[in-house]
Amino acid sequence: MTDQAVQTPASNPAGHPTRVFSGVQPTGNLHLGNYLGAIRNWVPLQDQHPSIFCVVDLHAITTGFEPDLAMKTREIAAAYIACGIDPQRSIIFPQSRVTAHAELTWILNCVARIGWLDRMTQFKDKAGKHKERVSVGLYDYPVLMAADILAYRATHVPVGEDQKQHLELARDIAQKFNNDLGVPGFFPQPEPLILGPTPRVMSLRDGKAKMSKSDPSDLSRINLKDSDEEIAAKIRKARTDPEPIGGTMEEIDAARPEASNLIGIYAALAGKPKADILEQFEGAQFSTFKGELADLAVSVLGPIRTRMADLLTDTANIDKVLSDGADKAAAIAMPILAEAKKAAGFL
Ligand code: TRP
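What you see is a predicted model; the values in this text were computed from it and never measured.

Peer 1: I would appreciate a short explanation of the overall build of the protein chain in the present structure.
Peer 2: The helix and strand inventory of the protein chain stands at 15 helices and 5 strands. A globule of 347 residues ought to have a C-alpha radius of gyration of about 20 Å, and the protein chain, at 21 Å, matches this closely. By principal-axis analysis of the C-alpha atoms, the protein chain measures approximately 70 × 45 × 45 Å. Per-residue burial over the protein chain gives 51% buried out of 347 residues. For the protein chain, the share of sequence-separated contacts (at least 6 apart) that also reach a separation of at least 24 residues comes to 76%.

Following this line, the structure appears as structure tokens:
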């Protein structure tokens, strides 16, 4: 919901002012899950707190060097702006342009314990059976993420459920740094902001799998770059069960994952509770519902796609936004890094 009230305290217990930080990796295509689950929820935060939205290009190379990294970085920035992040009020920048991220990571590498990283479920999922063949960077990914957040003393981090464990790690690292170096309250304890009623947006082909940029089937996701026709066709082809819409939302959520997902997507796009959508379509066939859902999705995503395309025709302008953002970000992070280095005892 773009107008939801987000309850965040004005500061955190150690007296650090509230600051929001989040990021998206410039790999693959942005899709509906990134929009509904992340970027859209950031828009109202920028009215309430100083906010920093990073394009995490250093994270992007942990799974291999992207041939089009610079262009993908511009695309994420364009998506942020097209979705309503205002570069005048919020800071938008590429992670690689502020050296504090990489430098603080090194110090935090010497704070974090191997045992802590060994517990990270995302690493286990991404590494799969070939743990010894993935990059050291992939293993260290969560420490870089902690550095992203702590370099700004960010207090609130809007993320999806899947990033909660990384946030806990960032808290543990912050606490151990503060304790071991005898600088109580130096880093705040960053809090995850899991913003509801964000649906977990699932694949259009399998209601039990998350919508993902790495799914080999493009029919499984709606990309922010898809044309109106592609959006409508993917919704039309989305998997459903043969029953019409009916019953209670609990029954649907429990037993009909594809139906639950499509109703959830409709609800999120319309900014209404799922129960309202269920009532509106009670007894309808999925063919009817899908037609309405396609119209709604096109009406929300069409203007975002057009705005993104406009922004990307002028790369000089996007690059200017990103380098101005990097200057503003560096002005916050570099002094904090300098203090951290001092606390660590460097000459
Ligand atoms: N790991 C995050 C994700 O995949 C992206 C990310 C990197 C991030 N650094 C961050 C999110 C710092 C929040 C704060 O979604």
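Picking up after the structure, the text goes on.
Peer 1: Help me understand empty space enclosed by the protein, please; the structure alone is not making it clear to me.
Peer 2: If a probe the size of a water molecule is rolled over the atoms, the empty space left behind becomes visible. Applying the stated rule across the entire model yields 2 cavities of 30 Å³ or more. No other element matches the 3 residues that helix H4 (residues 69-82) contributes to the lining of the largest cavity. A class-by-class count of the residues in the lining of the largest cavity yields 5 nonpolar, 4 polar and 3 charged. Space inside the second largest cavity adds up to approximately 50 Å³. Together, Gln122, Phe123, Lys126, Leu138, Tyr141, Pro142 and His166 line the second largest cavity. Elements that contribute at least two residues to the lining of the second largest cavity include exactly helix H7 (121-127) and helix H8 (136-150). The residue inventory of the lining of the second largest cavity, partitioned by class, reads 4 nonpolar, 2 polar and 1 charged.

Peer 1: It is not clear to me how the layout of surface pockets should be interpreted in this structure. Could you clarify?
Peer 2: Approximately 1,400 Å³ is the volume attributed to the largest pocket. Looking at the largest pocket, it is lined by 44 residues, and the ones nearest its centre are Asn34, Gln122, Asp162, Gln163 and Lys210. Those elements that place two or more of their residues in the lining of the largest pocket are strand E1 (20-24), helix H1 (32-42), H7, H8 and strand E4 (156-158). Top element by residues in the lining of the largest pocket is H1. It accounts for 6 residues. Looking at the lining of the largest pocket residue by residue, the class counts come to 17 nonpolar, 19 polar and 8 charged. Quantified by volume, the second largest pocket comes out at close to 180 Å³. Surrounding the second largest pocket, 11 residues form its lining, Met202, Gly207, Pro257, Ser260 and Asn261 being those nearest its centre. Ranked by residues supplied to the lining of the second largest pocket, first place goes to helix H12 (residues 257-270) with 4 residues.

Peer 1: Teacher, can you tell me more about the side chain of Ser203 here?
Peer 2: By the element assignment, Ser203 lies in the loop between strand E5 (191-193) and helix H10 (228-237). Judged by its relative accessible area of 2%, Ser203 falls in the buried class. Here Arg205 takes part through its backbone nitrogen, which lies 2.9 Å from a polar atom of the side chain of Ser203. At a separation of 3.2 Å, a polar atom in the side chain of Ser203 contacts the main-chain amide nitrogen of Asp206. Filtering out sequence-adjacent residues up to four positions away, Ser203 remains in contact with Ala209, Lys210, Met211, Asp215, Ser220 and Asn261.

Peer 1: What's the story with unusual backbone geometry in this structure? I'm lost.
Peer 2: One can expect most non-glycine residues to show negative phi and most peptide bonds to be in trans. In this structure, Arg153 takes a positive phi of about 50° despite not being glycine. Looking at the element boundaries, Arg153 is found in the loop between H8 and E4. Owing to a relative accessible area of 15%, Arg153 belongs among the buried residues under this scheme.

Peer 1: Quick question: what am I supposed to make of the pairing of E1 here?
Peer 2: Side-chain direction in a regular strand flips from residue to residue, so the side chains alternate between the two faces of the sheet. The buried count for E1 comes to 4 of 5 residues, which makes it a mostly enclosed element. Alignment of E1 against strand E2 (residues 51-55), held across 5 bridges, turns out to be parallel. Looking at the pairing, Gly23 lines up with Cys54 of E2.

Criteria and cut-off values
- Residues numbered from 1 in each chain as written.
- Predicted model: local features only at pLDDT ≥ 70, side-chain atom pairs only at ≥ 80, totals over all residues.
- Heavy atoms only, no water.
- Helix = DSSP H or I, 4+ residues; strand = E, 2+ residues; numbered from the N terminus.
- Rg over C-alpha atoms; globule rule 2.2 N^0.38 Å.
- Buried < 20%, exposed > 50% of the residue type's maximum accessible area, 1.4 Å probe, protein only.
- Contact = heavy atoms within 4.5 Å.
- 1 Å grid on protein atoms, 1.4 Å probe; cavity = no way out; pocket = protein on both sides within 12 Å on 5 of 7 lines; lining within 4 Å.
- Points joined across faces, edges and corners; volume = space filled by probe spheres on them.
- Nonpolar A, V, L, I, M, F, W, Y, C, P; charged D, E, K, R; others polar.
- Polar contact = N/O pair within 3.5 Å; in protein donor to acceptor, adjacent residues only side chain to side chain.
- Pairing = 2+ DSSP bridges.

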